[in-house]
Amino acid sequence: MKKRSYFMFVLRELSSVFVAWFAVFLMIMVFAIGRGEASYQNFMSWAASPVVVVINIVALAFAILHTVTWFALTPQAMVVRFGGRQVPAMKEVRVAGRYVPAATVVRVGGRVPAGLVVASQWAGLVVVSAFVAWLVLR
Amino acid sequence: MTKRHIEPILWMLFSGGGVIAAVFLPVLIVLFGLAIPLGWVSVDYNHLHAVVTYWLTRLVVLGLVVLMLFHWAHRFRYTLQDGLQLNRLETPIAVLCYGGAVVGSIAALLIVLTL
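Values in this document were obtained by computation on a predicted structure and should not be read as measured data.

Calculation rules
Residues numbered from 1 in each chain as written. Chains lettered and ligands numbered in written order. Predicted model: local features only at pLDDT ≥ 70, side-chain atom pairs only at ≥ 80, totals over all residues. Helix = DSSP H or I, 4+ residues; strand = E, 2+ residues; numbered from the N terminus. Rg over C-alpha atoms; globule rule 2.2 N^0.38 Å. Contact = placed C-beta atoms within 7 Å. Buried ≥ 20, exposed ≤ 12 C-beta atoms within 10 Å, placed from the backbone. Axes fitted to C-alpha atoms, helices over the stretch in contact; angles between N-to-C directions. Parallel < 35°, antiparallel > 145°, perpendicular 65-115°, else oblique. Nonpolar A, V, L, I, M, F, W, Y, C, P; charged D, E, K, R; others polar. Core = buried A, V, L, I, M, F, W, Y, C linked by C-beta atoms within 7 Å. Expected span 1.5 Å × (residues − 1). pLDDT = per-residue confidence, 0-100.

Engineer: Where do I start with the overall build of chain B in this structure?
Structural biologist: Tallying secondary structure elements over chain B gives four helices and zero strands in all. Its helices and strands taken in sequence order, chain B reads α-α-α-α from the N to the C terminus. The globule rule puts the C-alpha radius of gyration for 115 residues at 13 Å, and the 17 Å found for chain B is more than 25% above it. Each of the three principal axes of chain B carries a C-alpha extent, and together these read 50 × 30 × 20 Å. Counted over contacts in chain B with a minimum sequence separation of 6, partners at least 24 positions apart contribute 75%.

This is the structure we're talking about:
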C-alpha cells in the first residue's frame, strides 16, 4: 500500500513533463498555422507519425491523472471559514515534493463542502472542454 | 534575499499552471494531439487560422503556455532535487528549469506577436 502510493506520487510529479511537452507542441502548432496551410499540413503529418501519437496518448493519460489529482487536492488547499474563523482544511499540503502551508495554493472564502468544490471543478472542465471543441470544430 | 521575494510568485505560477493544465489540457490533447492529426475530425485550415489569429485567442494561448511552462519548471525542479536526491545541484537545477520556462515563454510571446 505504501509502495503503491509512492508510485502514484512519482507518476503525479512526472505529469509536469507532459504538461511542458504539450505547451511546446501547441506553440509549434500555432507557429505552423501562422506560416500558412502547407506548413500546417506538414505539422499535422508529423503529429500523425506513430512516435508522436504514442507520446500524445501517454500525455493524455498523464493529463487526466493531473486533472483528477489536482481537483482532489484543491479543497484540501483551500481556506475554509468555520464559525467566522478561517480554518485551513489541512495544515499542510504536499505539492511538488514540498510541504507548503495550505493557504499558499488556493484561497477561497466561505463555507464550501469539499464535495461541492470538486464537483464544480468538474463542471468547469466540462464547460471549457465543450467550448474549446465547439470553437475549433464548428 | 531575492530568492525569498521570488518564491511566492513561483508558487503562484505553479498553482495557476496546475489549474490551467487540469482544465484545458485533456481537451487540447484529444483535439490537437489525436483527433485532428489522425483524421477523426476534419477542420478547415482557414477557420483554424481565423480562430488562432484572433487577438483574444493569442492572449489566451500565450497565458496557457506560459503558465504551463512555469508549472513544469517548479514541479520538475523539486522532482529532480528531492526525488533524485540532488540537493547539492540545487542552483543549476533551478537555473535550468526556470531558465527553460523563461526561454519558452519568450519564444511563445514572439510567435504570438508575429502570427
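Engineer: Sorry, what's going on with the overall build of chain A here?
Structural biologist: Summing up its helical and strand segments, chain A has four helices and four strands in all. In chain A, the succession of α and β elements from N to C terminus is α-α-α-β-β-β-β-α. Considering only contacts within chain A whose residues lie at least 6 apart along the sequence, 57% involve residues at least 24 apart.

Engineer: How should I be thinking about unusual backbone geometry in this particular structure?
Structural biologist: Trans is the common state for peptide bonds, and a negative phi is the common state for residues other than glycine. All names here are of chain B. With a phi angle near 55 degrees, Gln-85 is a residue other than glycine that sits in the positive phi range. Mapped onto the elements of the fold, Gln-85 is located in the loop between α3 (55-83) and α4 (90-113). Judged by C-beta crowding, with 9 C-beta atoms within 10 Å, Gln-85 ranks as exposed.

Engineer: Is there a simple way to explain the packing of α3 of chain B against α4 of chain B in this structure?
Structural biologist: How two helices sit against one another is set out by the angle between their axes and by the gap between those axes. All names here are of chain B. Between α3 and α4, the least distance of the axes is 9 Å, while the angle of their chain directions is 170 degrees. When the interaxial angle is binned, α3 and α4 end up roughly antiparallel. Class assignment of the residues belonging to the contact of α3 with α4 gives a composition of 18 nonpolar, four polar and three charged.

Engineer: Please explain the nonpolar core as it appears in this structure.
Structural biologist: Soluble, globular proteins show a tendency: their nonpolar side chains are buried together. Counting residues in hydrophobic clusters, the biggest one holds 52 residues, and the most contacted among them are Phe-22 and Leu-26 of chain A together with Val-65, Met-68 and Leu-69 of chain B. Elements that contribute at least two residues to this core include exactly α1 (2-35), α2 (37-47) and α3 (50-77) of chain A together with α1 (2-35), α3 and α4 of chain B. If one sorts the elements of this core by residue count, α1 of chain B sits on top with 13 residues. In this structure Val-65 of chain B touches Ala-23, Leu-26 and Met-27 of chain A together with Ala-108 of chain B, once residues within four positions along its chain are discounted.

Engineer: Please explain the environment of Phe-76 of chain B as it appears in this structure.
Structural biologist: By secondary structure assignment, the location of Phe-76 of chain B is in helix α3. As a C-alpha pair, Phe-76 of chain B and Ala-94 of chain B span 18 residues in sequence and 9.3 Å in three-dimensional space. With residues up to four places along the chain from it excluded, the contact list for Phe-76 of chain B reads Ser-16 and Val-17 of chain A together with Cys-97 of chain B.

Engineer: What am I meant to see in the interface of chain B and chain A here?
Structural biologist: For an interface, size is often stated in terms of accessible area lost upon the parts coming together. Across the boundary between the two partners, chain B contributes 46 residues, which contact 46 residues of chain A. Elements with a contribution of two residues or more to the side of chain B that touches chain A: α1, α2 (45-53), α3 and α4 of chain B. Per-element tally for the side of chain B that touches chain A: the top contributor is α1 of chain B, with 18 residues. Class assignment for the residues of the side of chain B that touches chain A results in 35 nonpolar, nine polar and two charged.

Engineer: Just to check I follow, could you spell out α4 of chain B for this structure?
Structural biologist: Quick reminder: α-helices carry 3.6 residues per turn. Residues three or four places apart thus point the same way. Under the 1.5 Å per step criterion, the end-to-end length of α4 of chain B is 34 Å for 24 residues, consistent within 8% with the ideal 34 Å. The set of residues buried in α4 of chain B consists of Cys-97, Ala-101, Gly-104, Ala-108 and Val-112 of chain B.

Engineer: I would appreciate a short explanation of the confidence of the model for chain A in the present structure.
Structural biologist: Predicted coordinates in areas of low pLDDT are best not read in detail. Residue and element names in this part refer to chain A. The predicted model of chain A averages 81 in pLDDT, with 71% of residues at 70 or higher. Contacts from residues 80-85, a stretch scored under 50 in pLDDT, to residues over four places away or in other chains number nine contacts. Per-residue pLDDT stays below 50 along residues 102-110; that stretch engages in 25 contacts with residues further than four places along the chain or on separate chains.

Engineer: Would you take a moment to explain the confidence of the model for chain B for this structure?
Structural biologist: Residues and elements named next belong to chain B. The predicted model of chain B averages 93 in pLDDT, with 97% of residues at 70 or higher. Confidence, expressed as mean pLDDT per element, reaches its minimum in chain B at α1 with 91 and its maximum at α2 with 97. Model confidence for the complex: the whole-complex pTM is 0.85, and ipTM, which rates the interface, is 0.94.

Engineer: Looking at this structure, how should I read the environment of Glu-13 of chain A?
Structural biologist: All names here are of chain A. Assignment of secondary structure puts Glu-13 in helix α1. Note on Glu-13: 19 C-beta atoms within 10 Å, which makes it partly exposed. Residues Glu-13 and Val-52, 39 residues apart in the sequence, show an inter-C-alpha distance of 22 Å.

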